[in-house]
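Overview (structure and organization)
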Amino acid sequence: MLKNRQDLIEARNQAKLAMEQEKFRILICAGTGCLAGGSAKIYDKMCRLVKDAGLDVHVEFGAGVAHGENGECPSEVANAGGVKKSGCHGFCEMGPLVRIEPYNFLYIKVKEEDCEEIFNTTILKGEPVERLLYEMDGVKYKAQEEIPFYAKQTRLVLKNCGHIDSEHMNEYLAIGGYSALEKALFDMKPEDVVNEILESNLRGRGGGGFQTGYKWKQVARQPEKIRYVVCNGDEGDPGAFMDRSIMEGDPHKMIEGMIIAGYAVGAQEGYIYVRAEYPLAISRLKLAIAQAEEAGLLGDDILGTGYSFRLHINRGAGAFVCGEGSALTASIEGERGMPRTKPPRTVEQGLFAKPTVLNNVETYANVPMIISNGAEWYKGIGTEGSPGTKAFAVTGSINNTGLIEVPMGTTLREIVYEIGGGIKNGKEFKAVQIGGPSGGCLIGTHLDVALDFDSLKKMGAMIGSGGLVIMDEDTCMVEVARFFMNFTQNESCGKCIPCREGTKRMLEILEDIVAGRGTLEQLDILQELGEAITDTALCGLGKSAALPVLSTLKLFRDEYEEHVVDKKCRTGNCQALRTYKIDPEKCKGCSKCARNCPVGAISGEIRSPYTIDASKCIKCGACQSDCPFGAINVE
Amino acid sequence: MLEQSYYDKADEIIARYGTEPRWLIPIIQDVQTEYRYLPPELLTYIAGKLNITEAKAYSVATFYENFSFEKKGKYVIKVCDGTACHVRKSTTILDRLYKELNLKKGQHTTEDMLFTVETVSCLGACGLAPVLTVNDEVHAAMTPEKVTALIQELRGEN
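On a predicted model such as this, the values are computed, not experimentally measured, just so you know.

Things to note about the overall build of chain B
When helices and strands are counted, chain B shows seven helices and four strands. Put simply, of all contacts in chain B between residues at least 6 apart along the chain, 63% involve residues at least 24 apart.

In structure tokens, the structure reads:
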């Protein structure tokens, strides 16, 4: 139990010393990605090798599995220096990943059978295993930091993810953890903390980009003395997983940010709302909270200052709308998660109708470094209007899928081509969807625009939580718009009519268009409906529900018109607009397709080419997927 | 009427939290974790204990996607249809599952109670798209062929 400032400093020094004494650290990523690739087996194998050799080596296992579940390393190994687990490295495409310190070698696509070679070559001799290194354009990269994917990034929020054991608080202490809290509690008054955050111009990473310090200031000056700090970990945007990685890989950073927020606004209780689809994040957070409580960093009279703060976790139950502030607080209160009309705003009457600070995971994770380094330092990163960095989940048709962090103001070109390594399979870049169901699309002409909150808004998109889905020439933009509208429609809570009915009508029109039943008038109605919903919906989610459609309608109107007028989908994605043809050169006349066809549209004679009757064909694709000769094509 | 053990379990779970209405969601979440579905009788029972109307409890339970009043199969297969998976053709994965399991549109559980198929909007494993989970175990980079093999393997275990 840490009773005062000196105790905390002492604990940090000890943890640091313990870390420095480790000769090697083997960090095995066990994020969801690497785990599915078999990193648990690699961990077990490494433990065995280390144990058998009786070496003083550290094996860390990344965010993915709680220690107990996957078997802890034998205690004799743990005592000899420890075998541990670490957090997600972010380079998910290349997993499973193994990092070895002090060399900083990063091995990619590691298999269980590679472990012995890694052990013999790197651990015993200090040399790299060449064949497991990342290679690009003929260059092999030994050190993780040199790989273009990492070299072009500025990892501040994600700095510790993959480098420390997220299940041991000592690791966080060893790298200076809770020193920002110490500074806030002992050297600053609550209003100083608020002013520092206000001065830093930190903007909410959850989507809107609202000034965090301004929220805090408003809560701090409410006459009501019972106040709450709430963390939005309901990362519901499909294609986004940065908050999950922080919660799993560096939970103490976020918790430290929340305690500082609590101190700044005079709150004694905090709630973390995590979506149920992230069971590991929940267990990691629970563990971290228990550790902080045990150490006296959470609870009554923190470090003898007289300040008390407690944290609770609430699991989401599968409602996207709970990412909206008032819906989220309603859900914590045990109600249906539906937004309410504002004002009063959350800062005045939020959780249990008390003044509430509500920020997302990434925002809180920014707080400790701002307090430690000062607002001026923070403003030196990123752009003038949007300081700091932003984490993005880069997915879709891109070579280096993963989690990245770059300064605000980085261009899309740098993200897609330099960090992302370009489009998968050498295809043509078509668009990037940013911000999920509340966001819009960016195209080739936007590649060189500096991305920040304001520039994106101008382009009809928004940063959202930071999901970037890259689309190539094979992606049908009308289908993508339908996909998002289907999502929003499913998730609409039904409280306000514009969103409940409007999204339904928009979805119907989009379904007509992809089925070849669309008309040009419908395109105009789509536009009108979209604008009406944006203007009149109750909550932020409703207001942005039409954005994916409006954005594609503006940028890809020709594709919409092709679907409507020519009844054609250039990508072949829209099933109803396909024409199946049998290539007479390749067809061997085996009759398999004719037997598979559910409507009897295929006929012919055995051992001579078959034909499809287009008037009967329902375009189900059953013939194509089972053709042993690949003779059936889509036109 | 359920067996008495169900009500005892509910009491045990309620005791973990308390009887304030705000605990409704965590309580029914734990009940569902226990039985892998939410027995409607227990929802009524819990509503009584928390002193809220049955209608209120029902409105909350039906609002959230995660609660199910129906029993699920031994293997719950969740197919991710998030953006990244969708762009990497998750629809073909779902189609193949339905075909392999002989499920009709709108039907989620096979008659032998072995499989339940659901879609989820994002599992946050976008780097491995398209993905599905079988009882929370992640299967990465799925193809229709891998789906067929997976179902055969799971059937073989029974």
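Section: the environment of Gly31 of chain A
Residue and element names in this part refer to chain A. Residue placement: Gly31 occurs in the loop between β1 (24–28) and α2 (32–36). Among the residues examined, Gly31 registers 35 C-beta atoms within 10 Å and is labelled buried. Counting along the chain gives 217 residues from Gly31 to Glu248, while the straight-line C-alpha distance between them is 8.3 Å.

Considerations on the confidence of the model for chain B
Here chain B shows a mean pLDDT of 92. Residues at 70 or above account for 100%. Confidence metrics for the complex model read pTM 0.90 and ipTM 0.89.

What about the interface of chain B and chain A?
When the parts of a complex come together, some accessible area is lost, and that lost area is often used as the size of the interface. On the chain A side, the residues contacting the 33 residues of chain B number 40 residues. If you list the elements that add at least two residues to the side of chain B that touches chain A, you get α2 (24–35), α4 (54–63), α5 (83–87) and β4 (137–139) of chain B. Class assignment for the residues of the side of chain B that touches chain A results in 21 nonpolar, 10 polar and two charged.

A look at the sheet that holds strand β9 (residues 310–315) of chain A
All names here are of chain A. Strand order in the open sheet formed by four strands is β9-β8-β7-β10, and the pairing between neighbours is parallel. In this open sheet, the two edge strands, each paired with only one partner strand, are β9 and β10 (356–360). This sheet shows a mean twist of 20 degrees between the axes of neighbouring strands, independent of strand direction. Sheet topology note: the strand β7 (residues 228–233)/β10 ladder contains five bridges and is parallel. Of the residues in β10, the one forming a bridge with Tyr228 is Thr356. Running at roughly 165 degrees to β9, helix α13 (residues 279–295) makes contact with β7, β8 (269–274) and β9 of the sheet.

Things to note about the sheet that holds strand β3 (residues 132–134) of chain B
All names here are of chain B. Taking strand neighbours across the sheet as the criterion, the four strands line up as β2-β1-β3-β4 in an open arrangement whose pairing is mixed. In this open sheet, the two strands that pair with only one neighbour each are β2 (115–120) and β4. Geometrically, the sheet is characterised by an average inter-axis angle of 25 degrees between neighbouring strands, direction not taken into account. For strand β1 (residues 75–80) and β2, the ladder comprises six bridges, and the chain directions are parallel. Bridge pairing in β2 places Cys80 opposite Val120. Its contacts with the sheet place helix α6 (residues 90–101) against β1, β2 and β3, and it is angled at close to 155 degrees to β1.

Considering the packing of helix α3 (residues 39–53) of chain A against helix α5 (residues 115–123) of chain A
Residues and elements named next belong to chain A. Running from amino to carboxyl end, α3 crosses α5 at an angle of 45 degrees, the nearest separation of the two axes being 9 Å. Considering the angle they form, α3 stands oblique to α5. α5 is crossed by α3, and the crossing has right-handed handedness. On α5, the residues that touch Ile42, Lys45, Met46 and Leu49 of α3 are Cys115, Glu116 and Phe119. Partitioned by chemical class, the residues of the contact of α3 with α5 number five nonpolar, no polar and two charged.

Details of helix α1 (residues 5–20) of chain A
Residues and elements named next belong to chain A. An ideal rise of 1.5 Å per residue puts 22 Å on 16 residues; α1 measures up with 23 Å between its terminal C-alpha atoms. Taken together, the buried positions of α1 are Leu8, Arg12 and Ala15. Viewed end-on, α1 has its buried residues packed into an arc of 65 degrees, placing them on one side of the element. Turned more than 90 degrees from where α1 packs its buried face, Gln6, Glu10, Asn13, Leu17 and Glu20 sit exposed. On its buried side, α1 packs onto α7 (169–174) and α8 (179–187).

What to know about the environment of Lys424 of chain A
As for its position among the elements, Lys424 of chain A is in the loop between α17 (412–419) and β13 (429–434). Sequence spacing of Lys424 of chain A and Ile470 of chain A is 46 residues, and the spatial spacing of their C-alpha atoms is 9.6 Å.

With respect to the nonpolar core
Counting residues in hydrophobic clusters, the biggest one holds 227 residues, and the most contacted among them are Val98, Ile260, Ala261 and Val432 of chain A together with Ile46 of chain B. At nine residues, the largest contribution of residues to this core is made by helix α12 (residues 251–265) of chain A. Of the domains in this structure, domain 1 (4–63) and domain 2 (75–155) of chain B are the two that each give at least three residues to this core. Filtering out sequence-adjacent residues up to four positions away, Val432 of chain A remains in contact with Leu412, Val416, Cys441, Leu442, Leu468, Val469, Ile470 and Met471 of chain A. Counting 14 residues, the second-largest nonpolar core is a separate cluster that includes Ile582, Cys597, Ile602 and Ile632 of chain A.

Let's talk about the packing of helix α19 (residues 477–491) of chain A against helix α20 (residues 497–514) of chain A
Residue and element names in this part refer to chain A. It is the contact of α19 with α20, at a shortest axis distance of 9 Å, that shows an interaxial angle of 150 degrees. By the criterion of interaxial angle, the relationship of α19 to α20 is roughly antiparallel. Relative to α20, the crossing made by α19 is left-handed. Across the interface between the two elements, Val478, Glu479, Ala481, Arg482, Met485, Asn486, Thr488 and Gln489 of α19 pack against Thr503, Lys504, Met506, Leu507, Leu510, Glu511, Ile513 and Val514 of α20. The class makeup of the residues in the contact of α19 with α20 is eight nonpolar, four polar and four charged.

Observations concerning the pairing of strand β12 (residues 402–407) of chain A
Residues and elements named next belong to chain A. Of all six residues in β12, six are buried, a share of seventy percent or more. Burial of the side chains of β12 extends over both faces: Gly402, Ile404 and Val406 are buried on one face and Leu403, Glu405 and Pro407 on the other. Relative to β12, strand β11 (residues 389–396) runs antiparallel, the two sharing six bridges. Note that in β12 the partner of Val394 across the bridge is Gly402.

Brief notes about the environment of Lys342 of chain A
Take Lys342 of chain A: it is sitting in the loop between α14 (325–332) and β10. When the C-alpha positions of Lys342 of chain A and Ser326 of chain A are compared, they lie 9.0 Å apart, and in sequence the two are 16 residues distant.

What to know about unusual backbone geometry
Cis rather than trans, the peptide bond between Lys342 of chain A and Pro343 of chain A has omega equal to 0 degrees. Residues Ala129 of chain B and Pro130 of chain B are joined by a peptide bond in cis, for which omega reads -10 degrees. Positionally, Pro130 of chain B belongs in the loop between β2 and β3. Notably, Asn425 of chain A is not glycine yet its phi reads approximately 55 degrees, a positive angle. In this structure, Asn425 of chain A sits in the loop between α17 and β13. A residue is classified by how many C-beta atoms lie within 10 Å of it, and Asn425 of chain A, with 9 of them, is exposed.

Some words on the pairing of β10 of chain A
A large share of β10 of chain A lies buried, amounting to five of its five residues. Taking every second residue as pointing to the same face, both faces of β10 of chain A are buried, with Thr356, Leu358 and Asn360 of chain A on one and Val357 and Asn359 of chain A on the other.

Cut-off values and rules
- Residues numbered from 1 in each chain as written.
- Chains lettered and ligands numbered in written order.
- Predicted model: local features only at pLDDT ≥ 70, side-chain atom pairs only at ≥ 80, totals over all residues.
- Helix = DSSP H or I, 4+ residues; strand = E, 2+ residues; numbered from the N terminus.
- Contact = placed C-beta atoms within 7 Å.
- Buried ≥ 20, exposed ≤ 12 C-beta atoms within 10 Å, placed from the backbone.
- pLDDT = per-residue confidence, 0-100.
- Nonpolar A, V, L, I, M, F, W, Y, C, P; charged D, E, K, R; others polar.
- Pairing = 2+ DSSP bridges.
- Axes fitted to C-alpha atoms, helices over the stretch in contact; angles between N-to-C directions.
- Parallel < 35°, antiparallel > 145°, perpendicular 65-115°, else oblique.
- Left-handed = near helix turned anticlockwise from the far one by under 90°.
- Expected span 1.5 Å × (residues − 1).
- Arc of directions from axis to C-beta.
- Core = buried A, V, L, I, M, F, W, Y, C linked by C-beta atoms within 7 Å.
- Domains from an automatic or database assignment.

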